[in-house]
4 protein chains.
Amino acid sequence: MSKIRKGIIMAGSTFGKMFTITTWGESHGKAVGVVVDGCPAGLELNERDIQLDLNKRRPGQSPYCTPRDESDKVQVLSGIFENKTTGTPISLMVTNKDQRSRDYSEIMNVYRPGHADYAYDEKYGFRDYRGGGRSSGRETIGRVAAGAIAKKILQELGVSIVTYAAGIGPVKVNMDNFDADEIYNNPLRFPDASAVEAGEEYMRKLIKEGNSSGGIIECQVEGMPTGIGEPVFDKLDAKLAQAVMSIGAIKGLRSVQD
Amino acid sequence: MSKIRKGIIMAGSTFGKMFTITTWGESHGKAVGVVVDGCPAGLELNERDIQLDLNKRRPGQSPYCTPRDESDKVQVLSGIFENKTTGTPISLMVTNKDQRSRDYSEIMNVYRPGHADYAYDEKYGFRDYRGGGRSSGRETIGRVAAGAIAKKILQELGVSIVTYAAGIGPVKVNMDNFDADEIYNNPLRFPDASAVEAGEEYMRKLIKEGNSSGGIIECQVEGMPTGIGEPVFDKLDAKLAQAVMSIGAIKGLRSVQD
Amino acid sequence: MSKIRKGIIMAGSTFGKMFTITTWGESHGKAVGVVVDGCPAGLELNERDIQLDLNKRRPGQSPYCTPRDESDKVQVLSGIFENKTTGTPISLMVTNKDQRSRDYSEIMNVYRPGHADYAYDEKYGFRDYRGGGRSSGRETIGRVAAGAIAKKILQELGVSIVTYAAGIGPVKVNMDNFDADEIYNNPLRFPDASAVEAGEEYMRKLIKEGNSSGGIIECQVEGMPTGIGEPVFDKLDAKLAQAVMSIGAIKGLRSVQD
Amino acid sequence: MSKIRKGIIMAGSTFGKMFTITTWGESHGKAVGVVVDGCPAGLELNERDIQLDLNKRRPGQSPYCTPRDESDKVQVLSGIFENKTTGTPISLMVTNKDQRSRDYSEIMNVYRPGHADYAYDEKYGFRDYRGGGRSSGRETIGRVAAGAIAKKILQELGVSIVTYAAGIGPVKVNMDNFDADEIYNNPLRFPDASAVEAGEEYMRKLIKEGNSSGGIIECQVEGMPTGIGEPVFDKLDAKLAQAVMSIGAIKGLRSVQD
């Protein structure tokens, strides 16, 4: 009579202890979003702060990534009053536009390894054949939205962050040419204009083959105060490692201190 | 330069370890809601299951409670596919209708003790003068919605729950007259029809005085399997005590085993 | 082949988020203890601070409680250097003296309801017939030792705490006679000397009958700063309720603010 | 008057949700240890199971690592009865032999970067000049002891694990020569006997220079059931990344699936 899936299922969509983010939503559900809890009160924040980062995340901006085109307009549902955070949970939502019914007959019975279809089916006895469900890249909308808030707090603490692609396949950027302003000038997010042409050529070739490529993302943090993170298991490096490795398609990381 | 409120603020809106609920939303914000994470896959669930319990919670149903009248229509934003839970977070939202601007000049500078105004102001350096914000009874919408899901799981495990008011002020119900079907027949949620008249008379008198009353809520659980809860701090009694005492206005509890 | 007990078993011996305590140990194992993590650095602390509270907890001090006599000498194994806390986990241990083999044949097959024997057996497929194991009152040694540290931190924050028995069975103390200095002068921990004779007479009668009694413990807290605790689930009242209800034999609580 | 270190200090020595480990202890305190909570009942376990793994961890076994020689004899203080786990916390302790007073005048005022001395001093206002304190490699005794228990559970689930050094500095093992039985036959923990001579020569050269070397540790897991780990933040890869990156001196990781 009981139809509940047996086996252990535990909540795993919350990250953090003081400042927690809880992401929710599937690629083909009504919406995706995040609840940010533990955000200090009095931080100036509005939808535009968050929208700017979501715009950078949005796919369909270059010929080299997934063509799904969504406006990804964020709505703030709680936690902000008169343009300031109140100290209560900040609920952010982005509705899914691209959830129209279409013909799934072709993919309905095909596992796509890049979307964890087999693992989901084994674990939950269920697979959302419409497109990855929770393992879709759309889950990162909640992360990016929460990250926009975290970045504003870090800014007030004097911490700055810059992230870019350091290489795609065999093409590496030359850090002697590093220019932060270049990053969003090219579709590959390279901080080195001179490497873009080679990168794009490599991508065009792969796309023609129906292939994709690995790459390297680098994140530079400056101004981090000493003593952030808690020994021994919650060291900054360790928690960052968990967060980064939990993103779909990330397969490794390296921590470097200058 | 930094405008962030100092002092320790930590996330506190998530409850549970395997099955977690994260509530969000203020009484006068755009919406209130909850994210339910760790729900087993394959559970039959639709919006109607949740709406039924929200209807019971809704104020404005009797002359004896807050007159705010909201339809409190729940929307399921994620976690359900083809009327079954998928094992991923279930995001539920209820929009606030009663958030229109009105004249707050009278209450803008008045602390209402029943809404934790002083504590919020001290902690967050901020107070939502429109009506309790997060300490409003509307926060319980998320709890009730999540509870409707929890109840369906418990049902499949053979656990049944019945809750009612056992007394209001000096008026107590007589358990010899206990009738579960009576509970939602009267505005006081008494399971004893013969006590209703005295209870209503007591309430009418209080309302005339501009007063309110304490009461006793009883919850009977049957069929609970042995061994639920984890010694020593996460015993069933202990976690229930945390959950119950975290509801605004609850000031005590007692656990009885038959 | 697999001999592991099926069913869900989760860690439940840790309490708190910033300042956590993890208790361990059975009544008839080698030792009991606690790990206190998240204690601020620089707090003056030595074994004597902790021993004083353990001495108050120790049974065998009156004819009215369990006769087991243990010296309960605490050892600090980590976290303190040159009489100050270092910010790292403080590990405290008390060895069990009363673990000698004796004749258990009489109780080996008898469930004692006051020690959760049935629940443990159902949950773990196992029962420690020697004397309650983890559900023994000796588990509270870890709580008392951790509490001694917490009390020192609270003291520096200007918070003071006094706890006493307010009644045993039908005998209640008269708060007009309240005298904090009296509490440890009598075996019942009454703050009212005039009620002790009646309480002792009641206890002597019960002991003759082979019976025991419920009672009321009151705890007065003064100087608590506003804004401690995190809405909504981790309110101070709610977390205290969890902690208190997780102690064996506690069946209810009430929160009163003056 | 208050001597407590300001700034945020949070508990960080506990890892896991169902099966948690809490490590404690400093390199020059009385002891180091771990509390393992959430271990299923009925698992056959004795001190020898744990001692075997601690023996492999023990330094002083080759000329190429820290010369500190400790017997590292484990004591089980709770959680085991008649050679089986009981489902209650398992407390494990190893006393520190090498804690004798000696002349620290030379290192008392010198920060050693490899032991996080600067970070500890900034965070806690305190530094244990005797030898790394909590950031010492001795903290891993608790991890290894807890891991020995975890490995026994995994064994019953059909999961096997083998770990070895895949390279030291420029010297790499040849996986065509892989032989698991070789790993503990050589001081470098190489699974390839033919690479040991080059590795040892490289190490001898470094030691003569007063230098040390990085290396690569590989861990092969076989038989892992599908669906272990919880999306999205608690994926198996993500939690392993946190655990591994929290070990002192680990600076990166890579996940490969065959």
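The rules behind these values
- Residues numbered from 1 in each chain as written.
- Chains lettered and ligands numbered in written order.
- Predicted model: local features only at pLDDT ≥ 70, side-chain atom pairs only at ≥ 80, totals over all residues.
- Heavy atoms only, no water.
- Helix = DSSP H or I, 4+ residues; strand = E, 2+ residues; numbered from the N terminus.
- Rg over C-alpha atoms; globule rule 2.2 N^0.38 Å.
- Contact = heavy atoms within 4.5 Å.
- Areas by Shrake-Rupley, 256 points an atom, 1.4 Å probe, with all protein chains shown as cover.
- Phe/Tyr/Trp six-rings, centres within 6.5 Å; stacked < 30°, edge-to-face > 60°.
- Lys NZ or Arg CZ within 6 Å of the ring centre and 35° of its normal.
- pLDDT = per-residue confidence, 0-100.
- Buried area = accessible area lost by both parts, 1.4 Å probe.
- Salt bridge = Lys/Arg side-chain N within 4 Å of Asp/Glu carboxyl O.
- Polar contact = N/O pair within 3.5 Å; in protein donor to acceptor, adjacent residues only side chain to side chain.
- Least-squares fit on C-alpha atoms with pLDDT ≥ 70 in both.
- Buried < 20%, exposed > 50% of the residue type's maximum accessible area, 1.4 Å probe, protein only.
- Arc of directions from axis to C-beta.
- Patch = residues over 30% accessible without salt bridge, like charges linked within 9 Å, V, L, I, M, F, W, Y side chains within 5 Å.
- Pairing = 2+ DSSP bridges.
- Axes fitted to C-alpha atoms, helices over the stretch in contact; angles between N-to-C directions.
- Parallel < 35°, antiparallel > 145°, perpendicular 65-115°, else oblique.
- Left-handed = near helix turned anticlockwise from the far one by under 90°.
- Nonpolar A, V, L, I, M, F, W, Y, C, P; charged D, E, K, R; others polar.

*Asks:* Kindly report on the overall build of chain A, identifying the contributing residues and their values.
*Replies:* The helix and strand tally for chain A stands at five helices and 13 strands. Over its C-alpha trace chain A gives a radius of gyration of 20 Å, about what one expects of a compact globule, namely 18 Å for 258 residues. The dimensions of chain A, computed from C-alpha atoms along their principal axes, are 55 × 50 × 40 Å. Across chain A, contacts joining residues at least 24 apart in sequence account for 59% of those joining residues at least 6 apart. Here chain A displays about 12600 Å² of accessible surface, and carbon together with sulfur accounts for 53% of that area.

*Asks:* I'd like a description of the packing of aromatic side chains, backed by residues and values.
*Replies:* Scanning the model with the defined rule gives 12 aromatic pairs over all chains in all. Consider the rings of tyrosine 164 of chain C and phenylalanine 178 of chain C, whose centres lie 5.2 Å apart with planes at 65°: the pair is edge-to-face. Separated by 14 residues along the polypeptide, tyrosine 164 of chain C in strand β8 (residues 160–168) and phenylalanine 178 of chain C in the loop between β9 (171–172) and α4 (196–209) bring together distant segments of the chain. Its guanidinium or amino end placed over the ring of tyrosine 184 of chain A, lysine 56 of chain A lies 4.8 Å from that ring's centre, counting from NZ or CZ.

*Asks:* Tell me about the confidence of the model for chain A, and please be specific about residues and values.
*Replies:* Confidence in the prediction for chain A averages 90 pLDDT; 91% of positions are at 70 or higher. As a predicted assembly, this complex carries a pTM of 0.95 together with an ipTM value of 0.93.

*Asks:* Can you explain the interface of chain D and chain C? Please cite residues and give values.
*Replies:* Each side of the interface is counted separately: chain D has 55 residues, and chain C has 55 residues. Both faces combined, the contact of chain D with chain C buries some 4400 Å², and carbon together with sulfur accounts for 63% of it. Contact with chain C buries surface across chain D, with Ile4, Phe81 and Glu156 of chain D losing the most and accounting together for 14% of the total. Our count for the chain D to chain C interface comes out at two salt bridges. A salt bridge links glutamate 47 of chain D to lysine 30 of chain C; its shortest N-O distance comes to 3.6 Å. The tally of links between chain D and chain C comes to 10 residue pairs in polar contact (both at pLDDT 80 or more). Looking at the side of chain D that touches chain C, the elements that each hand over two or more residues are β2 (20–25), β3 (31–37), β7 (90–95), α2 (117–124) and α3 (140–156) of chain D. In terms of residues, the side of chain D that touches chain C owes the most to one element, β2 of chain D, which gives five residues.

*Asks:* Explain the relation of the copies chain D and chain C residue by residue, including any values.
*Replies:* Note on the identical chains: chain D maps onto chain C by a rotation of 180° and an axial translation of 0.0 Å, with an RMSD of 0.0 Å. This pairing of chains is accounted for by a two-fold axis.

*Asks:* Mind laying out the relation of the copies chain B and chain A, listing which residues take part and the relevant values?
*Replies:* The transformation that overlays chain B on chain A combines an axial shift of 0.0 Å with a rotation of 180°, and the residual RMSD is 0.0 Å. By residue overlap, the copies meet face to face through one surface: 100% of the interface positions of chain B are interface positions in chain A.

*Asks:* Can you explain helix α2 (residues 117–124) of chain A? Please cite residues and give values.
*Replies:* Residues Asp117, Tyr120, Lys123 and Tyr124 of chain A constitute the buried set of α2 of chain A. Buried residues in α2 of chain A, looked at end-on, bunch into an arc of 140°, giving them a common side. Where α2 of chain A is buried, its residues touch β11 (229–230) of chain D.

*Asks:* Report on the interface of chain B and chain A, specifying residues and quantitative values.
*Replies:* In this assembly, 55 residues from chain B lie in contact with 55 residues from chain A. The junction of chain B with chain A conceals about 4400 Å² of combined surface from both sides, 63% of it contributed by carbon and sulfur atoms. Three residues stand out in chain B for area buried against chain A, namely Ile4, Phe81 and Glu156 of chain B, and they jointly supply 14% of the buried area on that side. If you look at where chain B meets chain A, you find two salt bridges. Between chain B and chain A we count 10 residue pairs in polar contact (both at pLDDT 80 or more) in total.

*Asks:* Tell me what's going on with the environment of phenylalanine 19 of chain C, and back it up with residues and numbers.
*Replies:* With respect to the element layout, phenylalanine 19 of chain C can be found in the loop between β1 (14–15) and β2 (20–25). Measuring from C-alpha to C-alpha, the distance between phenylalanine 19 of chain C and proline 40 of chain C comes to 8.7 Å, with 21 residues separating the pair along the chain.

*Asks:* Describe a nonpolar patch on the surface, listing the residues and the values that go with them.
*Replies:* Residues and elements named next belong to chain A. Taken together, the side chains of Ile161, Val221, Met224 and Ile228 make up a nonpolar region of the molecular surface, amounting to roughly 310 Å² of accessible area. Inspection of the secondary structure puts valine 221 in strand β10 (residues 215–222). Taking relative accessible area as the criterion, valine 221 reaches 40% and is therefore assigned partly exposed.

*Asks:* Now, about the pairing of β7 of chain D: what can you tell me, with residues and values included?
*Replies:* Residue and element names in this part refer to chain D. The buried count for β7 comes to five of six residues, which makes it a mostly enclosed element. The sheet contact formed by β3 and β7 spans six bridges and is antiparallel. Bridge pairing in β7 places glycine 33 opposite methionine 93. Relative to β7, strand β4 (residues 74–76) is paired through three bridges, and the arrangement is antiparallel. Within β7, the position partnered with valine 74 by the bridge is valine 94.

*Asks:* Just give me the short version of the packing of helix α1 (residues 47–57) of chain D against α3 of chain D, but keep the residues and values in it.
*Replies:* Residue and element names in this part refer to chain D. The N-to-C vectors of α1 and α3 enclose an angle of 135°; their axes lie 9 Å apart at closest approach. By the angle class used here, α1 and α3 are oblique. Once α1 is placed against α3, the crossing between them reads as right-handed. Residues Asp49, Ile50, Asp53, Leu54 and Arg57 of α1 touch α3, and the partners they reach there are Thr140, Ile141, Val144, Ala145, Ala148, Ile149, Lys151 and Lys152. By residue class, the composition of the contact of α1 with α3 is seven nonpolar, one polar and five charged.

*Asks:* Can you lay out the pattern of salt bridges for me, pointing to particular residues and giving the numbers?
*Replies:* Evaluated as defined, the whole model comprises 44 salt bridges over all chains. Between lysine 17 of chain B and aspartate 234 of chain B there is a salt bridge, and its shortest N-O distance comes to 3.4 Å. Residue lysine 17 of chain B is located in the loop between β1 (14–15) and β2 (20–25), and its partner aspartate 234 of chain B is located in strand β12 (residues 234–235); the two are separated by 217 residues in the primary sequence. For lysine 17 of chain B, a relative accessible area of 35% puts it in the partly exposed group. A salt bridge links lysine 123 of chain B to glutamate 230 of chain C, with the shortest nitrogen-to-oxygen separation between them at 2.9 Å. Within this pair, whereas lysine 123 of chain B is found in helix α2 (residues 117–124), its partner glutamate 230 of chain C is found in strand β11 (residues 229–230), the two belonging to separate chains. When its relative accessible area of 10% is taken as the criterion, lysine 123 of chain B is described as buried.

*Asks:* Give a description of the sheet that holds β2 of chain D that names residues and reports values.
*Replies:* All names here are of chain D. One open sheet accounts for five strands, arranged β1-β2-β3-β7-β4; its pairing is antiparallel. Edge positions in the sheet fall to β1 (14–15) and β4, since each of these pairs with one other strand and no more. Against the sheet, α3 contacts β2, β3 and β7, and its axis sits at roughly 35° relative to β3.

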